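Observations on the model geometry
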Amino acid sequence: EENFAHLIETRDGVAWDSRARAVSATRPRRLGALVLEERPSTTAGPEAVALAMLQGIREMGLACLPWSEGARSLQARVQFLRRMFPDAAWPELSDGHLRATLEDWLLPYLPGISRQAHLDRLDMHQILQSLIPHDLQRRMDRLAPVRIEVPSGADVRIDYETEGDPVLRVRLQEMFGLARTPAIAEGRSPLRIELLSPAGRPLAVTQSLDTFWTNGYPSVRADMRGRYPKHSWPEDPLTAPPVKPRRLR
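Thresholds, definitions, all that
- Residues numbered from 1 in each chain as written.
- Predicted model: local features only at pLDDT ≥ 70, side-chain atom pairs only at ≥ 80, totals over all residues.
- Heavy atoms only, no water.
- Helix = DSSP H or I, 4+ residues; strand = E, 2+ residues; numbered from the N terminus.
- Rg over C-alpha atoms; globule rule 2.2 N^0.38 Å.
- Buried < 20%, exposed > 50% of the residue type's maximum accessible area, 1.4 Å probe, protein only.
- Contact = heavy atoms within 4.5 Å.
- Pairing = 2+ DSSP bridges.
- Axes fitted to C-alpha atoms, helices over the stretch in contact; angles between N-to-C directions.
- Core = buried A, V, L, I, M, F, W, Y, C linked by side-chain atoms within 4.5 Å.
- Phe/Tyr/Trp six-rings, centres within 6.5 Å; stacked < 30°, edge-to-face > 60°.
- Parallel < 35°, antiparallel > 145°, perpendicular 65-115°, else oblique.
- Nonpolar A, V, L, I, M, F, W, Y, C, P; charged D, E, K, R; others polar.

Some thoughts on the overall build of the protein
- Scanning the protein from terminus to terminus reveals 7 helices and 11 strands.
- For 249 residues, the compact-globule estimate of 2.2 N^0.38 gives 18 Å, and the protein exceeds it by more than 25% at 28 Å.
- On the principal axes, the C-alpha backbone points of the protein span a range of 100 × 40 × 25 Å.
- Expressed as a percentage of the 249 residues in the protein, the buried residues total 40%.
- The long-range fraction of contacts in the protein, counting pairs at least 24 apart against all pairs at least 6 apart in sequence, stands at 57%.

Details of the sheet that holds strand β6 (residues 155–159)
- Judged by pairing direction, the sheet is mixed, and its 5 strands sit side by side in the order β5-β6-β7-β10-β11 without closing on themselves. Of all strands in the sheet, those with a lone pairing partner are β5 (147–149) and β11 (202–206), marking the two edges. Ignoring strand direction, the axes of neighbouring strands in this sheet form an average angle of 30°.
- Contacts between helix α7 (residues 209–227) and the sheet are confined to β10 (192–196) and β11, with β11 contributing the most and set at about 165° to the helix.

Quick look at the nonpolar core
- Counting 66 residues, the largest nonpolar core has Leu65 and Leu106 as the members making the most contacts within it.
- Residues contacting leucine 65, with those up to four places away along its chain left out, are Ile57, Trp105, Leu106, Leu119, Leu122 and Met124.

Points about the packing of aromatic side chains
- Under the counting rule described, the total for this entry stands at 6 aromatic pairs.
- Seen from their ring centres, phenylalanine 80 and tyrosine 160 are 5.5 Å apart, and the 55° between their planes marks the pair as tilted. Placement of phenylalanine 80 in helix α2 (residues 69–84) and of tyrosine 160 in the loop between β6 and β7 (167–171) is noted, with a sequence separation of 80 residues between them.
- Exposure remark for phenylalanine 80: the relative accessible area of 1% places this residue in the buried category.
- The exposure class of tyrosine 160 is buried, given its relative accessible area of 6%.
- Considering the side-chain rings of phenylalanine 176 and tyrosine 217, the 6.4 Å spacing of their centres and the 85° angle between planes classify their relative orientation as edge-to-face. With phenylalanine 176 in the loop between β7 and β8 (183–184) and tyrosine 217 in helix α7, this residue pair connects regions lying 41 residues apart in the sequence.
- Phenylalanine 176 gets classed as buried once you look at its relative accessible area, which sits at 1%.
- Taking relative accessible area as the criterion, tyrosine 217 reaches 1% and is therefore assigned buried.
- Linked through ring pairs, Phe176, Phe212, Trp213 and Tyr217 together constitute an aromatic cluster.

Observations regarding the environment of proline 111
- Within the secondary structure, proline 111 is located in the loop between α4 (102–105) and α5 (124–129).
- The exposure class assigned to proline 111 is exposed, which follows from its relative accessible area of 56%.
- Between the C-alpha atom of proline 111 and that of alanine 48, which follows or precedes it by 63 residues, the distance is 9.7 Å.

Describing unusual backbone geometry
- In the Ramachandran plot, arginine 21 falls in the positive-phi region, its phi being about 50° despite a non-glycine side chain.
- The residue arginine 21 is located in the loop between β2 (13–17) and β3 (22–31) in this model.
- Judged by relative accessible area, arginine 21 falls into the partly exposed class, the value being 41%.

Quick word on the environment of isoleucine 193
- The topology assignment puts isoleucine 193 in strand β10.
- Note: C-alpha distance between isoleucine 193 and serine 208 (15 residues apart in sequence) is 8.4 Å.
- Setting aside residues up to four positions removed in sequence, isoleucine 193 forms contacts with Leu168, Val170, Met175, Thr181, Pro182, Ala204, Val205, Thr206 and Leu209.

Topic: the packing of α2 against helix α6 (residues 134–143)
- Two numbers describe how α2 lies on α6: the axes approach to 11 Å, and their chain directions differ by 90°. The orientation of α2 relative to α6 falls into the category roughly perpendicular. Residues Leu74, Arg77, Val78 and Leu81 of α2 form the contact with α6, whose participating residues are Met140, Asp141 and Leu143.
- Within the contact of α2 with α6, the residues separate by chemical class into 5 nonpolar, no polar and 2 charged.

Shown next as structure tokens:
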């Protein structure tokens with residue numbers, strides 16, 4: 001320290017600590033690559049901490065973020081609408097794109113967050129929603145509704161987190177009387193209807209209810225009448241009244 005005092009430097013260092021899963025802020029005294037002394041730093045700038053946290057998120061992957069069911073559904077709905085309306089300004093919200101652009105959309109929410117446990121403070125649904133232009137936000141519920149009413153009167157959730165067209169999972173008896181397959185996105189996308197048994201197990205998948213009632217239902221009826229004798233299995237499902245959800249329990 002006497003002979004090389006003019007070469008000794010003291011600088012704040014901020015980096016992601018993979019083992020602690022937290023941002024590490026230190027103030028080392030160095031002679032070149034030799035660390036003479038290292039103490040915790042209390043003067044690390046918030047921007048430097050946020051950038052180090054961002055590096056940690058890249059390392060851990062998007063799964064470390066507090067995704068809710070609503071946030072994942074919103075992400076999938078927007079991706080669906082990008083496919084259906086490619087000429088509109090629906091944002092790219094795929095995991096790959098989000099990971100590549102973390103600095104653009106997530107960095108503003110990271111002040112005060114310096115470790116993995118702090119990420120639970122984030123509201124992913126609100127963050128993703130802020131990426132959607134306001135005019136498109138107003139159209140979303142009409143073009144890609146979260147739920148849809150079925151003949152039984154129940155509001156059933158639509159699953160957009162699937163490959164291909166969105167899926168509506170509903171008990172078969174709740175769809176009696178409906179010949180036309182429900183469609184969304186201004187009629188561009190018929191729903192894939194996954195018809196379930198009274199116990200909630202898949203019986204058939206169709207995008208043409210009319211065809212299913214004519215060709216598929218008779219064999220399903222023949223097989224299910226013996227297994228679920230207390231439930232309705234009419235010969236003509238198009239003229240039968242739909243069964244309320246509570247009657248299927």
